[in-house]
Amino acid sequence: MSDQAGSIYNLGYQRYTGPRLGRRYAIRVLALHRLRACFGVGRPLSSKIFPIALAIIVMLPAVVQLGIGTFGNADAKVIRPENYYRYVGVVLALFCAAIAPELVSRDQRSGTLTLYFSRALKRADYALANFFALTVSLLVLTVGPQAILFAGNGLVVSNPASYLQDEWKQVPEILASSLLLSVMFAGIGLSVASFTPRRAYSTVSVLAVFILGSALGPILLSVSDQGIVRYALMISPFHVISGFSLWIFGASPEGNGVLAKADIPGGVYALEALVVGSVSLGVFVRRCLRIAT
């Protein structure tokens, strides 16, 4: 047998004497962790497939436009910047419906909120970190394709310098429209998803808000386009993003579509997107303040 003997040391309660990084560090780490989670970074392959697939789908219109410009007519504009979100709005809604429950419903279901709130992190900090992460991930999906489209169009024309001189104003327009869309969609997704710990219910609820609103708005508008009834189109998230995109890019609705029929000033759509995003964030913060842990 071995003659080695163990020793027991009664050290008592020891205070932590290491560095205390504080609240700002906790917020920054949580926001970065949630941003990585939006795209499945650091998680199994199954968590990466859906967000990456949606990101590829969002990029497809820009790739198609670049292919036509490279191998066909460089002046052909199959997809214009002001109409881009009309084509990818549903995909962005699917992304919100998939990721928002992943960010907030799982914590309620697994009980990890108790661990978060036992640290320097406050409940409002938790809400803002999640909102920041989802907003930035949506910005990646909105600014990225538009930036590719803008740069690609400049490369296929005969005079890139002249193109840049004429079209540089699209850069702030792209950033402004992308930010408005991301704030509104992130606010809606997180506020709805936070009301239930069940991921499936959260996903269905978020999709219902986007789909039912986008279906009900045009239906009400078809009944009457006079007076206050025409503002019913503003309950449709997809038409709201189309409306403020056209306004930001200085374009007008085409043909006899519902946007032209409603004839609502584009600035009203932009204001609504900002208000909806802000109110939804407030609802999400209030919900985090009241969640039992």
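Above: the structure in question.
Procedures and definitions
Residues numbered from 1 in each chain as written. Predicted model: local features only at pLDDT ≥ 70, side-chain atom pairs only at ≥ 80, totals over all residues. Heavy atoms only, no water. Phe/Tyr/Trp six-rings, centres within 6.5 Å; stacked < 30°, edge-to-face > 60°. Helix = DSSP H or I, 4+ residues; strand = E, 2+ residues; numbered from the N terminus. Buried < 20%, exposed > 50% of the residue type's maximum accessible area, 1.4 Å probe, protein only. Lys NZ or Arg CZ within 6 Å of the ring centre and 35° of its normal. Expected span 1.5 Å × (residues − 1). Core = buried A, V, L, I, M, F, W, Y, C linked by side-chain atoms within 4.5 Å. Contact = heavy atoms within 4.5 Å.

Caption draft 1: Examining the packing of aromatic side chains more closely. For the structure on display, the rule yields five aromatic pairs. Centre to centre, the rings of F185 and F238 are 6.5 Å apart; their planes meet at 55°, and the pair counts as tilted. Residue F185 is located in helix α7 (residues 170–193), and its partner F238 is located in helix α9 (residues 237–248); the two are separated by 53 residues in the primary sequence. Residue classification places F185 among the buried residues on the basis of a relative accessible area of 0%. Its relative accessible area of 17% is what places F238 among the buried residues. Of the aromatic side chains, those joined through ring pairs into one cluster are F185, F210 and F238. Over the ring of Y87 we find R86, and its NZ or CZ is 5.3 Å from the ring centre.

Caption draft 2: Quick look at unusual backbone geometry. A positive phi angle, near 55°, is found at D263, a position not held by glycine. Of note, D263 is situated in the loop between α10 (258–262) and α11 (266–290).

Caption draft 3: Structural context of α9. Spanning twelve residues, α9 covers 16 Å between terminal C-alpha atoms, matching the ideal 16 Å at 1.5 Å per step. Of all twelve residues making up α9, eleven are buried, and the element is well covered by its neighbours. Of all the positions in α9, only P237, F238, H239, V240, I241, S242, G243, F244, S245, L246 and I248 are classed as buried. G250 sits one or two positions beyond α9 and adopts a positive phi of about 70°.

Caption draft 4: Local environment of the nonpolar core. The biggest cluster of nonpolar side chains holds 67 residues, and the ones touching the most others in it are F95, L134, F185, F244 and Y269. With 13 residues, helix α3 (residues 84–110) is the largest single contributor of residues to this core. Among residues more than four places away in sequence, those in contact with F185 are G89, L92, A93, C96, L138, F210, P237, F238 and I241.

Purely geometric stuff here, so don't read any function into it on its own.
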